[in-house]
Amino acid sequence: MGLAKLSFVLSWLLSYVVADLTIQYLPQATMVATGAHNTTGPQPPPLPNPMPNLAPFIQLNKAPPAGVSIKLPSAFLGFSIEISVANQVLGHNSSLIEPTMLNLLHNIAQRSGTVNVRVGGNTQDHATVDEAGTHPELDRKILWKDHANANSNNPTATPPVYLSRDFFYLLSNISALTDVHWYLGIPFNDTNWRLGIAPMGPEILGDRLLGFQTANEPDFYVSHKHRVAPYGPQEWMTELRSLVNAMNDPKYDWARKSFIVPSIAGADGWDLQAIWDMGLVPQFNDNIKYLAVEHYPADNCAAIWGGGTIRNPQDEMVNYANHDTYLKSIVKGYAPHTAYAQTVNRGFIMFETNTASCGGFQGVSNSFGAALWGLDYAMQMAHTNFTGAMYHVGGQTTFYNPFTAPPTNEKVFHQWTIGSMYYSALVMAEVMGMTNTTQIMDLDANNANPQTPAYVLYENGQVSKLGIFNYMDKSKGSADLTVTFAIGGSGVGAENGTPATVKVKYLESNSITDTVNFTWAGQTLGDAYGSDGLLKGDEVIKTIECNNDNTCTIPVPAPAFALVFLNGDPNSNVAYPSSTYTTTAITQTRNTATMDPAVLATSNGHKNIAAKKYSTSFGSGNKNGAERGVGALRWFAVGLSVGIGFFVAAI
């Protein structure tokens, strides 16, 4: 080893030692919570007038009835991560993976078998893979944002983003640790095609890569000043043909057959039916893998960018505390398009969505009401034959984030904040199960009352679960539900099918406007800045003895969601043992722990899950290398520096 290399190794080790020594004497900072970390919000909406029936009856069939969805993939609800924040939530590089993120992904994969994640968004169109390694800013990093050359004419002020090869190894290593599949995107901000991502993604990710989005919301390209008018679906399709022609080289074969289109939001007069009528699918039949759209039911853009009407979060709260306003009335508009997707044998994905664009609403998008709404939204999309959906993750100032890492300069004393939409995804994973045969149906329960929707689920052709929502807030008066159901029975001319007992898990909080400490089956992901991605507390699964008349009565407090397991133990849904993931790089003495580096070798993402149980919280009784290893690393580095000093002196 040359002296230069020895010097580099020494400086690298000492940089962590110095960081550790410095961190121990940092004072507790005073800070102002922003975005998803902000726990202030509106008041609960009043109870409806008239009130719904608080003791409704639901009749279920043993087999799937007419109106039930198609069979759906278990990994239905995943996440869409803005590529510009990938280094904040996924990891600094392929060796320094964010352990909290691994825990969060594993929670989902454990329940549904796998989880799908899209890394893209507006910044994907401005991304370039640094194939030649010409940007020193990418040294030991997955990405670099060139803010100096951001397009000032672009309303979103999106900077160019440069990706290193290590970006793909980071994704691959995450897939090696927990079962994650990925969607990526080919840059489309202009037609000087930058195709570095197209061969590198399949080469490194292998079968963990699901497809490439080709244009992100092209219907916004004119208003975002990526194109000049006239620019509509026909012009976009002409560019799509140009892209296909540019990918003639065999190294692009996989990418050329894996397009995700049209990914429109319905802006500027773009219409899905018109695009189908123009022949998008038959013209690009060899290229299209999935059909996709993007949609936010509302926006907070006026508050962020100016112009338009600023929406009051207090007024918006009621819209996320019911089944209709921003949910059923919107999703049902996609029914003709999901039906069309089936005729052309393609999946139909909600590729990016959340409560409201431009970051969501303070105290609403991160409320318990939004957690219920996000779950209801996902179940409604499943009922309408979407084959997948992804809740978007933005930056620090975003209220709707499913999860938000602390700002870099606060990671010493703060952990992550887990948002409403993560709880939605966690519960949806259990709703869907792992059979890849789940069918779902909106029951229009309680005379289709928007405060008390309910869904039934079938797996392998048999009724398996019942999901019941209560959007009402107990602080406004008595609003608990007592729901009675029957499976089959003489009333419908069928044999009795109600079991003797059922198991129930609840998603609960004290109020519809709570922003932290929600519980799923008694477990929580904690307060703002308080999560390491692990569910805390004892799991609570309630056993309910059913009645002797082929009925069963389920209490549903206000507010809450109840998932009733009709034919088995909820824990049979678990795919593989719980694991805790933490980091090997020790730069601090709190909020950190260890990970076996052997599983971090670059690979094509083959699952290698070990049943490990470590704590990442400071002061936990089950300690690991986080606290034990700091001193060892410190003395190892010091000893190594002394040894190298003698070695160099001898030379």
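Reference entry: report on the structure contained in this document.

Turning to the sheet that holds strand 5 (residues 143-145), a few remarks are in order. The strands making up a sheet associate through backbone hydrogen bonding, with each pair oriented either parallel or antiparallel. Strand order across the open sheet formed by 3 strands is 4-6-5, with mixed pairing between neighbours. If you trace the sheet from one side to the other, it starts and ends with strand 4 (127-129) and strand 5, each paired once. Here the average twist between neighbouring strands, direction ignored, is 20°.

Within the secondary structure, His295 sits in the loop between strand 10 (288-294) and helix 10 (301-305). Of the residues examined, His295 reaches a relative accessible area of 17% and is grouped as buried. Once residues lying within four places of it in the same chain are set aside, the contact partners of His295 are Ala265, Ile330, Tyr334, Met350, Glu352, Thr353, Asn354 and Tyr377.

Glancing now at the packing of helix 4 (residues 165-177) against helix 5 (residues 197-205). Two quantities define a packed helix pair, namely the angle between the helix axes and the distance between the axes. Where helix 4 contacts helix 5, the axes come no closer than 9 Å and their chain directions differ by 35°. Two packed elements cross with a definite hand, and for helix 4 against helix 5 that hand is right-handed. Here helix 4 contributes Arg165, Phe168, Tyr169, Leu171 and Ser172 to the contact with helix 5, which in turn contributes Ile197, Met200, Gly201, Glu203, Ile204 and Leu205.

Turning to its location among the elements, Ser464 is positioned in strand 17 (residues 462-470). A distance of 3.1 Å separates the side chain of Ser464 from the side chain of Glu459, its partner in a polar contact. Beyond its immediate sequence surroundings of up to four residues, Ser464 is in contact with Leu457, Tyr458, Glu459, Val564, Phe565, Leu566 and Asn567.

This paragraph deals with the pairing of strand 23 (residues 560-565). Taken across its 6 residues, strand 23 has 6 buried, putting it largely inside the fold. Side chains of strand 23 alternate between two faces, with Ala560, Ala562 and Val564 and Phe561, Leu563 and Phe565 buried alike. Taken together, the 6 bridges between strand 19 (residues 501-508) and strand 23 define a ladder with antiparallel strand orientation. Bridged to Glu508 within strand 23 is Ala560.

Summed over all chains, the structure comprises 2 disulfides. What pairs with Cys301 in a disulfide is Cys358, and their sulfur atoms sit 2.0 Å apart. Every disulfide takes its handedness from the sign of the S-S torsion; for Cys301 and Cys358 that torsion is 85°, giving right-handed. In this pair, Cys301 is assigned in helix 10 and Cys358 in the loop between strand 11 (347-353) and helix 14 (368-383), connecting sequence segments 57 residues apart. On the basis of relative accessibility, which here comes to 22%, the residue Cys301 falls in the partly exposed class. The disulfide partner of Cys546 is Cys552, and the gap between their sulfur atoms is 2.0 Å. One quick way to see it: the torsion about the S-S bond of Cys546 and Cys552 is about -70°, and its sign makes the bridge left-handed. One exposure class covers both Cys546 and Cys552, and it is buried. Sequence-ordered numbering of the disulfide-bonded cysteines in the chain gives the connectivity 1-2, 3-4.

Right, let's talk about unusual backbone geometry for a bit. With an omega dihedral of 10°, the bond running from Asn49 to Pro50 counts as a cis peptide bond. Take Pro50: it is sitting in the loop between helix 1 (3-23) and strand 1 (57-60). That bond from Ala558 to Pro559 is cis: its omega, -5°, falls within 30 degrees of zero. Note that Pro559 resides in the loop between strand 22 (551-556) and strand 23. Unusually for a residue other than glycine, Asn385 sits at a positive phi of about 75°.

The full count for this structure, using the stated rule, is 28 aromatic pairs. Look at Tyr334 and Phe386: their rings are 5.5 Å apart centre to centre, the planes differ by 70°, and that puts the pair in the edge-to-face class. Of the two residues, Tyr334 sits in the loop between helix 12 (324-331) and helix 13 (335-343) while Phe386 sits in the loop between helix 14 and strand 12 (388-393), which places them 52 residues apart along the sequence. For the residue pair Tyr334 and Phe386, the accessibility class agrees, reading buried in each case. Geometrically, the ring pair formed by Phe403 and Tyr422 is edge-to-face, given 6.3 Å between the ring centres and 70° between the ring planes. Of the two residues, Phe403 is situated in strand 13 (residues 403-404) and Tyr422 in helix 15 (residues 420-432); the sequence distance between them amounts to 19 residues. Residue classification places Phe403 among the buried positions, given a relative accessible area of 0%. Three or more aromatic residues link up through ring pairs in this structure, and these residues are Tyr320, Tyr326, Phe361, Trp373, Tyr377 and Tyr391.

Once that is clear, we can look at the sheet that holds strand 10. Around the barrel, which closes on itself, the 8 strands sit in the order 2-3-7-8-9-10-11-12 with parallel pairing between neighbours. Strand-to-strand, the axes of this sheet are offset by a mean angle of 30°, without reference to chain direction. Pairing analysis gives 5 bridges linking strand 7 (residues 180-186) to strand 8 (residues 209-214), with the strands arranged parallel. From the neighbouring strand, Gly185 faces strand 8, where its bridge partner is Gln213. The strands touched by helix 6 (residues 233-246) within the sheet are strand 7, strand 8 and strand 9 (259-264), with strand 9 carrying the most contacts at an inclination of about 160°.

Attention now goes to helix 5. Most of helix 5 sits out of view: 8 of its 9 residues are buried. Among the residues of helix 5, those classed as buried are Ile197, Ala198, Pro199, Met200, Gly201, Pro202, Ile204 and Leu205. Buried-residue contacts for helix 5 involve strand 4, helix 4, strand 7, strand 8 and helix 7 (253-256). One or two positions beyond helix 5, positive phi appears at Gly206, with a value near 55°.

Before going further, it helps to spend a moment on helix 14. Between its first and last C-alpha, helix 14 extends 23 Å over 16 residues, near the 22 Å set by a 1.5 Å rise per residue. In terms of burial, helix 14 is largely enclosed, as 15 of its 16 residues are buried. Measuring from the backbone nitrogen of Gly369 back to the side-chain oxygen at the start of helix 14 gives 3.3 Å, which picks out Ser367 as the cap. One or two steps after helix 14, the chain reaches Asn385, where phi turns positive at roughly 75°.

Enumeration over the complete set of coordinates arrives at 17 salt bridges. In this structure, Glu495 engages Lys62 in a salt bridge whose closest nitrogen and oxygen atoms are separated by 3.2 Å. Here Lys62 lies in the loop between strand 1 and strand 2 (77-82) and Glu495 lies in the loop between strand 18 (481-487) and strand 19, a separation of 433 residues in the sequence. The exposure class assigned to Glu495 is exposed, which follows from its relative accessible area of 56%. Residue classification places Lys62 among the partly exposed positions, given a relative accessible area of 32%.

Calculation criteria
Residues numbered from 1 in each chain as written. Predicted model: local features only at pLDDT ≥ 70, side-chain atom pairs only at ≥ 80, totals over all residues. Heavy atoms only, no water. Pairing = 2+ DSSP bridges. Helix = DSSP H or I, 4+ residues; strand = E, 2+ residues; numbered from the N terminus. Axes fitted to C-alpha atoms, helices over the stretch in contact; angles between N-to-C directions. Buried < 20%, exposed > 50% of the residue type's maximum accessible area, 1.4 Å probe, protein only. Contact = heavy atoms within 4.5 Å. Left-handed = near helix turned anticlockwise from the far one by under 90°. Polar contact = N/O pair within 3.5 Å; in protein donor to acceptor, adjacent residues only side chain to side chain. Disulfide = S-S within 2.5 Å. Phe/Tyr/Trp six-rings, centres within 6.5 Å; stacked < 30°, edge-to-face > 60°. Expected span 1.5 Å × (residues − 1). Salt bridge = Lys/Arg side-chain N within 4 Å of Asp/Glu carboxyl O.

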